[in-house]
Amino acid sequence: MIYLDHNATTPVLPEVFEAMRPYFCEEWGNPSSTYKFGAKLKSAIETARSQVAALIRARRSELIFTSCATESNNAAIRAALKANLGKRHIITSGVEHSSVLRHCMALQKSGYRVTYLSVDRDGLLKLADLENAISDDTAVVSLMWANNETGVLFPVKEIAELCQSRGVLYHCDAVQAAGKVEIDVRTVPVDYLSLTGHKFHAAKGIGTLYVSRKAPFSPFIHGGHQERNLRGGTESVPLIVGLGKAAELAQGQTATYATKVRPLRDHLEMHILSSVPDTELNGHRTERLANTTNITFGGVDSEALLILLDSEGVCASSGSACLADSAEVSHVVKAMKPETGTARQVIRFSLDPAITMNDIEVTCAATIHAVEALR
Ligand code: PLP
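One structure accompanies this document, and this report is about it.

Reading guide: rules and limits
Residues numbered from 1 in each chain as written. Predicted model: local features only at pLDDT ≥ 70, side-chain atom pairs only at ≥ 80, totals over all residues. Heavy atoms only, no water. Pairing = 2+ DSSP bridges. Helix = DSSP H or I, 4+ residues; strand = E, 2+ residues; numbered from the N terminus. Axes fitted to C-alpha atoms, helices over the stretch in contact; angles between N-to-C directions. Contact = heavy atoms within 4.5 Å. Expected span 1.5 Å × (residues − 1). Buried < 20%, exposed > 50% of the residue type's maximum accessible area, 1.4 Å probe, protein only. Parallel < 35°, antiparallel > 145°, perpendicular 65-115°, else oblique. Left-handed = near helix turned anticlockwise from the far one by under 90°. Nonpolar A, V, L, I, M, F, W, Y, C, P; charged D, E, K, R; others polar. Core = buried A, V, L, I, M, F, W, Y, C linked by side-chain atoms within 4.5 Å. Phe/Tyr/Trp six-rings, centres within 6.5 Å; stacked < 30°, edge-to-face > 60°. Lys NZ or Arg CZ within 6 Å of the ring centre and 35° of its normal.

A few words now on the sheet that holds strand β12 (residues 346-350). Judged by pairing direction, the sheet is antiparallel, and its three strands sit side by side in the order β9-β10-β12 without closing on themselves. With one partner strand each, in any of the chains shown, β9 (279-281) and β12 form the two edges of the open sheet. Averaged over all pairs of adjacent strands, the angle between their axes in this sheet comes to 25°, without regard to strand direction. By the bridge criterion, three bridges tie β9 to strand β10 (residues 292-297) in an arrangement that is antiparallel. Paired with Leu281 across the bridge in β10 is Ile295. Against the sheet, helix α10 (residues 237-275) makes contact with β9, β10 and β12, and its axis sits at roughly 10° relative to β10, the strand it touches most. Each of β10 and β12 touches helix α11 (residues 302-311); the most contacted strand, β12, lies at about 40° to it.

In this section: unusual backbone geometry. Despite not being glycine, Arg57 has its phi angle at roughly 60°, a positive value. The residue Arg57 is located in the loop between α4 (41-56) and β2 (63-66) in this model. With a phi angle near 50°, Glu227 is a residue other than glycine that sits in the positive phi range. Considering the arrangement of structural elements, one finds Glu227 in helix α9 (residues 226-229).

Our focus in this paragraph is helix α6 (residues 98-109). Between its terminal C-alpha atoms α6 stretches 16 Å, which fits the 16 Å expected from 12 residues at 1.5 Å a residue. Taken residue by residue, α6 has Ser98, Ser99, Val100, Leu101, His103, Cys104 and Leu107 as its buried positions. On its buried face, α6 sits against α5 (69-83), β3 (89-93), β4 (113-117), β5 (138-142), β6 (169-173) and α12 (331-336). Looking one or two residues beyond α6, the residue adopting positive phi is Gly111, at roughly 105°.

Moving on, we get to the packing of α11 against helix α13 (residues 357-374). Taken N-terminus to C-terminus, the directions of α11 and α13 make an angle of 130°; their axes are 9 Å apart at the nearest point. In terms of axis orientation, α11 runs oblique to α13. Crossing angle aside, the handedness with which α11 passes α13 is right-handed. Seen from α11, the contacting residues are Ala304, Leu305, Leu308 and Leu309; seen from α13, they are Ala366, Thr367, Ala370, Val371, Ala373 and Leu374. A class-by-class count of the residues in the contact of α11 with α13 yields nine nonpolar, one polar and no charged.

What follows covers the nonpolar core. Counting 62 residues, the largest nonpolar core has Ile56, Trp145, Tyr170 and Leu193 as its most contacted members. Leave out the neighbours within four places in its chain, and Ile56 touches Leu63, Ile183, Asp184, Val185, Leu193, Leu195 and Tyr210.

Reading across the sheet, the seven strands line up as β2-β8-β7-β6-β5-β3-β4 and stay open at both edges, with mixed pairing between neighbours. Each having just a single partner strand, β2 and β4 make up the two edges of the open sheet. Between one strand and the next, the sheet's axes are offset by a mean angle of 20°, whatever the strand orientation. For β2 and strand β8 (residues 207-211), the ladder comprises four bridges, and the chain directions are antiparallel. In the sheet register, Phe65 faces β8, and the bridge partner there is Thr208. Against the sheet, helix α8 (residues 156-166) touches β5 and β6, its axis set at about 160° to β6.

A separate point is the packing of aromatic side chains. Each aromatic ring pair is described using two quantities: the centre-to-centre distance and the angle formed by the ring planes. In total, this model carries one aromatic pair according to the counting rule given. For the pair Trp28 and Phe37, a centre-to-centre distance of 4.8 Å together with 75° between the ring planes defines the contact as edge-to-face. The lysine or arginine in question, Arg88, covers the ring of Tyr112, its NZ or CZ lying 4.0 Å from the ring centre.

What follows is the structure, given as structure tokens:
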């Protein structure tokens, strides 16, 4: 299998699994218990919190463990709205993940006004548009770090500084950025930042929300006293420990990630664009994650192409895994290129440093062959 869908999910690394292993059948206590067998697990949780904090240069006390980034995104936006009850305006972009977009759409139904900032043909947004959209009524801005479908990077530092200067809370969905680019919340002054473990080799079902010590927060999941009363629910110690280990490993590889993965991605992209007629890149050439390429194959149904690639052992996708069962054309590509019709003709390949040049050669040949067969 040649797995080129790392923006959808990544495998748990053996070191991560080994770190988690004792917490399933040996150290299975409840960290909230008073006896040692349970209570000692608190230190495993706090070690993991330090490891995750180090990945984004946060303080340990600024991190809340959640079940996934969908929860983190929902929780951050809710907290910002609750802290600004008199304000009824939210700003986001038309290319966010469904966990932000659909939440905003639901909030619209309960009376909030939402501005969906547009992007240009390269997937970039204009800071001036954000600046013009912010008003006294704006409670929160939610704009992602890196797009999951195209890899396009938003100017998060400038966005954060603008929001800070206008006194508006800023939430950033940094799910796709973790381990791929440096995240430093000391230099990018976000109020809230979401991450999820399964995009950087931890298990599925564990995420985190960074809440700056200056930002307001109230729980989204009400329950017990866990997470300093900020997120109820018995902590999943194995998943948290694995998240910590994965964060530590990701931190060690972030500096070399792009140099390892970009030549492979560029080779794949250039080969396909130059050998397959009627293909087009979606996303800015350089303001983009080094591992992602998103290509339109004119006149080719994505589903059919993915099936043929799968039969050759190549796993790719036509966009967000969360919407893979939808027949709709990608909202991200549509936002960039409004003339895009209703047919899904887009394939996303998302790599990882473990991919080899041989994998890429096989993928190029399989893609060329499949497109010829379908046309
Ligand atoms: N945000 C982005 C940009 C994503 O790519 C994803 C996952 O696909 C999510 C949020 C949701 O993450 P989770 O699966 O942990 O809820």
